[in-house]
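Structural description and commentary
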Amino acid sequence: MRKAVEILLFLLVVLVFDRFLFLPGRMNGTWEYQTGTNIGDSISFENIDIVNNFEVKISTSRKLDSFYLLGCYFGTLYLLDKDTMEYTVYEKYKPLGIE
């Protein structure tokens, strides 16, 4: 039991460390809509303002949307709509011919 608690505590520390240091760097780029609340056809890092490291404000076509940032892992951006509490997924944009 003690070993399981130590492992969970270690994973929690790693996730918090990752969240505050490396997450903004992984969000850089252009993101394509996959599922959930459609903010626009694509959003770019220039349209995303990170507030308090957990809330993001996305400005597209003269409209400001607020979301909770759940994570950005393996080329996928996970958001939670503040108003509807709907889960939204965006994938990293890959130009044709580049895998």
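The structure we're discussing is the one just above.
Predicted model, so just to flag it, every value in this text is computed and none were measured. (Residues numbered from 1 in each chain as written. Predicted model: local features only at pLDDT ≥ 70, side-chain atom pairs only at ≥ 80, totals over all residues. Heavy atoms only, no water.)

1. Focus on the pattern of salt bridges
Defined as follows: Salt bridge, as used here: a side-chain nitrogen of Lys or Arg that lies within 4 Å of a carboxyl oxygen of Asp or Glu.
Tallying each qualifying case throughout the model produces 4 salt bridges. In this structure, the salt-bridge partner of Asp18 is Arg26, at a minimum N-O distance of 2.8 Å. The structure contains a network of salt bridges with shared partners spanning Glu55, Lys57 and Lys82.

2. Brief notes about unusual backbone geometry
Stated formally: The way it works is that DSSP assigns letters per residue, a run of H or I at least four long becomes a helix, a run of E at least two long becomes a strand, and they are numbered from the N terminus. Buried, partly exposed and exposed residues are distinguished by accessible area as a fraction of the type maximum, computed with a 1.4 Å probe on protein chains only: under 20%, between the cut-offs, and over 50%, respectively.
The phi angle at Phe74 is positive, at roughly 55°, despite the residue not being glycine. Relative to the assigned elements, Phe74 resides in the loop between β5 (63-73) and β6 (76-81). A residue is classified by how much of its surface remains accessible, and Phe74, at 84% relative accessible area, is exposed.

3. A closer look at the environment of Leu64
Put simply, the rule is: Here, two residues are considered to be in contact whenever any of their heavy atoms come within 4.5 Å of each other.
In this structure, Leu64 sits in strand β5. Sequence-wise, Leu64 and Ile39 are 25 residues apart; in three dimensions their C-alpha atoms are separated by 9.5 Å. Residues contacting Leu64, with those up to four places away along its chain left out, are Lys57, Ile58 and Ser59.

4. Looking at the packing of aromatic side chains
Inclusion rule: Centre distance within 6.5 Å is the pairing criterion for rings of Phe, Tyr and Trp, where only the six-membered ring of Trp is used; planes under 30 degrees apart are then read as stacked, over 60 as edge-to-face, and the remainder as tilted.
Summed over the entire model, instances satisfying the criterion amount to 4 aromatic pairs. Between Phe20 and Phe54 the ring centres are 6.0 Å apart and the planes differ by 85°, which places this aromatic pair in the edge-to-face class. Taken together, the residues span a long stretch of sequence, with Phe20 in helix α1 (residues 2-21) and Phe54 in the loop between β3 (48-51) and β4 (55-60) at a distance of 34 residues.

5. Considering the pairing of strand β1 (residues 30-35)
It is a general feature of regular strands that their side chains alternate between the two faces of the sheet. Keep this limit in mind: For two strands to be treated as a pair, DSSP must find no fewer than two bridges joining them.
Two elements, β1 and strand β2 (residues 42-44), share 3 bridges in a ladder whose sense is antiparallel. Its bridge partner lying in β2, Trp31 is registered against Ile43. Examined bridge by bridge, β1 and strand β7 (residues 87-92) share 4 bridges and lie antiparallel to one another. Residue pairing for β7: Thr35 is matched across the bridge by Val89.

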